[in-house]
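Residue-level structure breakdown
What follows is the residue order along each chain.
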Amino acid sequence: MPDLATADVVALTAALCDIPSVSGDEAPLADAIETALAAYEHLEVLRDGDAVVARTHLGRARRVVVAGHIDTVPVQGNLPTRTETRDGAEVLWGRGTVDMKAGVAVALSLAAQLAAPAWDVTWVFYDQEEVEATRNGLGRLARHHPEWLAADFAVLGEPTAAKIEGGCNGTLRVEVRTHGRAAHSARAWRGENAIHAAAGILTRLGSYRPAEVEVDGLVYREGLNAVDIRGGIAMNVIPDTCVVTVNYRFAPSRSAAEAEAHVREVFEGYDVTVTDLAAGARPGLDAVEVADFVATVAATTGGTAGPKYGWTDVARFSELGIPAVNFGPGDPSLAHADDEHCPTDQIRACAAALATWLTKENV
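Summarised in this report is the structure supplied together with it.

Criteria and thresholds
- Residues numbered from 1 in each chain as written.
- Predicted model: local features only at pLDDT ≥ 70, side-chain atom pairs only at ≥ 80, totals over all residues.
- Heavy atoms only, no water.
- Helix = DSSP H or I, 4+ residues; strand = E, 2+ residues; numbered from the N terminus.
- Rg over C-alpha atoms; globule rule 2.2 N^0.38 Å.
- Buried < 20%, exposed > 50% of the residue type's maximum accessible area, 1.4 Å probe, protein only.
- Contact = heavy atoms within 4.5 Å.
- Pairing = 2+ DSSP bridges.
- Axes fitted to C-alpha atoms, helices over the stretch in contact; angles between N-to-C directions.
- Phe/Tyr/Trp six-rings, centres within 6.5 Å; stacked < 30°, edge-to-face > 60°.
- Arc of directions from axis to C-beta.
- Polar contact = N/O pair within 3.5 Å; in protein donor to acceptor, adjacent residues only side chain to side chain.

Remarks on the overall build of the chain
Scanning the chain for helices and strands turns up ten helices and 19 strands. Its C-alpha atoms give the chain a radius of gyration of 22 Å, within 12% of the compact-globule value 21 Å for 363 residues. When each of the 363 residues of the chain is scored for burial, the buried share is 52%. For the chain, restricting intrachain contacts to residue pairs at least 6 apart in sequence, the fraction spanning at least 24 positions comes to 77%.

Structure follows, in structure tokens:
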């Protein structure tokens, strides 16, 4: 790990990415982050599992959380990182460059450099965001140490192409089951094929028209999609069970209960089991702290605020009563892609915008 206070933020991003940290295996990276932050006297460094927290205690009137997850989806031959030129611009290529180690590098760099920001800052680097909500490291911190997350505002470094993205969609995952009767496939008439019975599920999904929902001035796009299907135990057995896993991305105007009720209505008559559910978060751009941050970012990087289509941990901050926005380098449409790459100018622009805001007088 290079020296946080002096390293170029792009080089720091590459160093973080080159320490693989697929969800559940973040310990080496968490160790490196904890060791690096411990060198700075202006920071109190805390740890819970593979989540590392560093915070200032300057007696400022307001506190902000700047957070980012340190895990990635599995590596697919896209490490180590490398720099390339694409369409005349320099990019950093490799797993994690977009989602979201560039955002983590921005936060680590500023945590070391800003010994006396205008806000007290709690820097949070947490694990297991890319897996089911029950394992999420930020959620674990909220349960074990809610006082560590106390703040007036939060910035989550998720990729937004260096623009503000407000709120986030909720996410619901269900298993929709069909049931049949097993039989030898040579005597199929003696059984009932559960996979064939799943055709009705796919028909409903194929005819479903997802909504576009305006929430506090931003338009969120919903989606209902099959993401997995499984059934059968052998190639000569009529399957007696089939399970279609469906993911529903819903606008933050819906509660978790309303989202579940909607999906159960869509699949009325089928056996539906909820396996994962996380509510979204409304934009909250009208809060004073948020409006000032949006204005500072617009003046530095340009662009207007838009919606976050995916689920992010701004929803957790919303549950804690803390206004929060997404702001980080990288095109979110490249998150999880094998060709993941981030423009280096966005990494530097995000660092500059966040530093400008943290060092200006409180609103």
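Concerning the sheet that holds strand β4 (residues 82–86)
Think of a sheet as strands paired side by side through backbone hydrogen bonds, with each pair either parallel or antiparallel. On the basis of which strands lie adjacent, the open sheet formed by three strands has the order β4-β5-β19 and antiparallel pairing. Each edge of the open sheet carries a strand with a single partner, namely β4 and β19 (341–343). Recorded for the sheet is a direction-independent mean angle of 35° between the axes of neighbouring strands. Across three bridges, the pairing between strand β5 (residues 89–93) and β19 is antiparallel. The residue bridging Trp93 from the neighbouring strand is His341, located in β19. On top of the sheet, helix α10 (residues 344–359) reaches β5 and β19; it is set at about 60° to β19, its chief contact.

Some points on the packing of aromatic side chains
All told, the structure shown has six aromatic pairs when counted by the stated rule. Relative to Trp357, the ring of Phe153 lies with its centre 5.6 Å away and its plane at 75°, an arrangement referred to as edge-to-face. With a gap of 204 residues between them, Phe153 in strand β7 (residues 153–156) and Trp357 in helix α10 connect regions that are remote in the sequence. The exposure classification of Phe153 matches that of Trp357, with both residues buried. An aromatic cluster is present here, built from Trp119, Phe153, Phe293, Phe327 and Trp357 joined pairwise through their rings.

Concerning helix α2 (residues 27–37)
The complete set of buried residues in α2 reads Leu29, Ala30, Ala32, Ile33, Ala36 and Leu37. Along α2, the residues classed as buried sweep out an arc of 160° about the axis, all on the same side. Buried residues along α2 sit against α1 (9–17), β1 (44–48), β2 (51–55), α3 (101–113) and β6 (120–126).

Considerations on unusual backbone geometry
Look at the link from Leu79 to Pro80: it is a cis peptide, with omega at 5°. Across the junction of Asp99 and Met100, the peptide omega takes the value -15°, indicating a cis bond. Assignment of secondary structure puts Met100 in the loop between β5 and α3. The phi angle at Asp87 is positive, at roughly 50°, despite the residue not being glycine. Inspection of the secondary structure puts Asp87 in the loop between β4 and β5. A residue is classified by how much of its surface remains accessible, and Asp87, at 86% relative accessible area, is exposed.

Points about the side chain of Thr178
Secondary-structure assignment places Thr178 in strand β9 (residues 170–179). Within the structure, Thr178 has its side chain in polar contact with the backbone oxygen of Ala194 (distance 2.6 Å). Excluding residues within four positions of it along the chain, Thr178 makes contact with Ala194, Ala197, Ala198, Ile201, Asp240, Thr241, Cys242 and Tyr270.

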